[in-house]
Amino acid sequence: MNLGLYMAQRLSAMVMVPLVFGHLGVMIYAIQGGLTTAEILERTMGSLWWFLFYGCFVVAVSIHSAIGMRVIVHEVLKLRGLALELVMWAFGISILFLGARAVMAVTML
Amino acid sequence: MYFHNPLKNDRCAVSEEDILEVSVWRGTGDTGEYETFQVPARESQTVLDVVTWIQQQIDPSLSYRYACRVGMCGSCAMMVNGEPRWTCRTHVKKVTRDGALQIGPLRNLPTIKDLAADMDPFFDKWIAAGGVHTPSRSRAEPIAEVSPEDPGRVEANKGIECINCSVCYAACDTVANTPDYLGPAALQRAWTLYNDSKVEDRQAVLDAVSKNNGCHNCHTQGSCTQYCPNELDPLSAIAGLKRASAKSFLFKSKEDRQ
Ligand code: SF4
Ligand code: SF4
Ligand code: FES
């Protein structure tokens, strides 16, 4: 891991900290208030704020987990060079794709 | 597996309980096996004494390395019952398990023969980590004064008693899993240079340790600090390098920290 990857992983972690707490708070609130799926979607659909909140979350998670995955794959499977970079990018892009689909599904009209 | 009679060559009479079962790695390069020797136990005896006894009394072909025998030269490190130790200052009594000792060449380095590890990769990494001193003044100029209280000097002093024994390097799991990783000793050396105001280009030291094989691979588990026989703290030195490199990344400062 070089300095660029190290910084990307640390900075994405810093972004994730408040978002994780926000996400936990939202879940507790939604369950305690007994919100139905329809009521939740009513609040999130078309909301720029929820789009930005979970959009940032998904981007940060994709970056953070892909770099973490790169380390594990390198140390455990001894993968290196181009193959290692490809695994990192493929993993990050997959998470980003899946997350972005979910965010769009609940926030876009 | 061979057994030798220690009584044959040893003048002191020893009873059954006074025998140590010592298995010693024998072999060249990647191949070899443990060979068991019986060595008389002494009241006060180091692991290096045991190895020397075997070499002098039983098998002169046993290869190992040492020089000072007082913990200064850093050449006698070996794996003792699976843990890296400076053998000249490791008491047998403190490390035997049920009267048995297993002694092997240092982990994470190629073996030349028997207990002698090839130290080349270890020292190559010192150079790769920017460990060569590049002075800021020529010999014609007056010597730069450095106050012992200077914070950089205080920080550098914590790491300069390294004896290059490679015990920390052998203890590091990240070196084991990422063989290119520069390792704790070389990085600690880089940290002492980074804090040395007499070094010309301290950013160059940071750049050298910020590549793919550099300080950011460290998992901060601290085996290096745990095992360093000189009670140095490479773990904190590496943390310092991480902080300094992160700062230089964020603020793009090409200047020294002063
Ligand atoms: S703290 Fe870092 S350098 Fe020290 S043993 Fe662990 S990974 Fe290796
Ligand atoms: S830091 Fe300690 S264990 Fe590592 S080489 Fe130096 S003296 Fe040996
Ligand atoms: S022989 Fe010099 S440190 Fe052990």
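What counts as what
Residues numbered from 1 in each chain as written. Chains lettered and ligands numbered in written order. Predicted model: local features only at pLDDT ≥ 70, side-chain atom pairs only at ≥ 80, totals over all residues. Heavy atoms only, no water. Domains from an automatic or database assignment. Contact = heavy atoms within 4.5 Å. Buried area = accessible area lost by both parts, 1.4 Å probe. Salt bridge = Lys/Arg side-chain N within 4 Å of Asp/Glu carboxyl O. Polar contact = N/O pair within 3.5 Å; in protein donor to acceptor, adjacent residues only side chain to side chain. Helix = DSSP H or I, 4+ residues; strand = E, 2+ residues; numbered from the N terminus.

**Student:** Explanation requested: the domain arrangement of chain B in the structure shown.
**Tutor:** Quite often, the size of an interface is put as the accessible area lost when its parts meet. Residues and elements named next belong to chain B. As far as domains go, chain B holds domain 1 (16-117) and domain 2 (120-257). Of note, the centres of domain 1 and domain 2, computed from C-alpha atoms alone, are 30 Å apart. If you look at the interface, domain 1 gives 15 residues, while domain 2 gives 17 residues. Buried area between domain 1 and domain 2, both sides added, is near 1200 Å², and the carbon and sulfur share of it is 63%. Inspection of the region where domain 1 meets domain 2 yields 1 salt bridge. Between the two partners, domain 1 and domain 2, sit 5 residue pairs in polar contact (both at pLDDT 80 or more). Elements that contribute at least two residues to the side of domain 1 that touches domain 2 include exactly strand E3 (77-80) and strand E4 (83-86). Broken down by element, the side of domain 1 that touches domain 2 gets its largest block of residues, 4 residues, from E4.

**Student:** How should I be thinking about the interface of chain B and chain A in this particular structure?
**Tutor:** The interface is formed by 16 residues belonging to chain B together with 12 residues belonging to chain A. Carbon and sulfur atoms make up 53% of the surface buried where chain B meets chain A, a total of about 1300 Å² over both sides. Its largest share of buried area at the contact with chain A, chain B owes to B:Asn177, B:His216 and B:Phe249, together 37% of the area lost on that side. If you look at where chain B meets chain A, you find 1 salt bridge. Of the charged contacts in the structure, one is a salt bridge between A:Arg80 and B:Asp180, with a shortest N-O distance of 2.6 Å.

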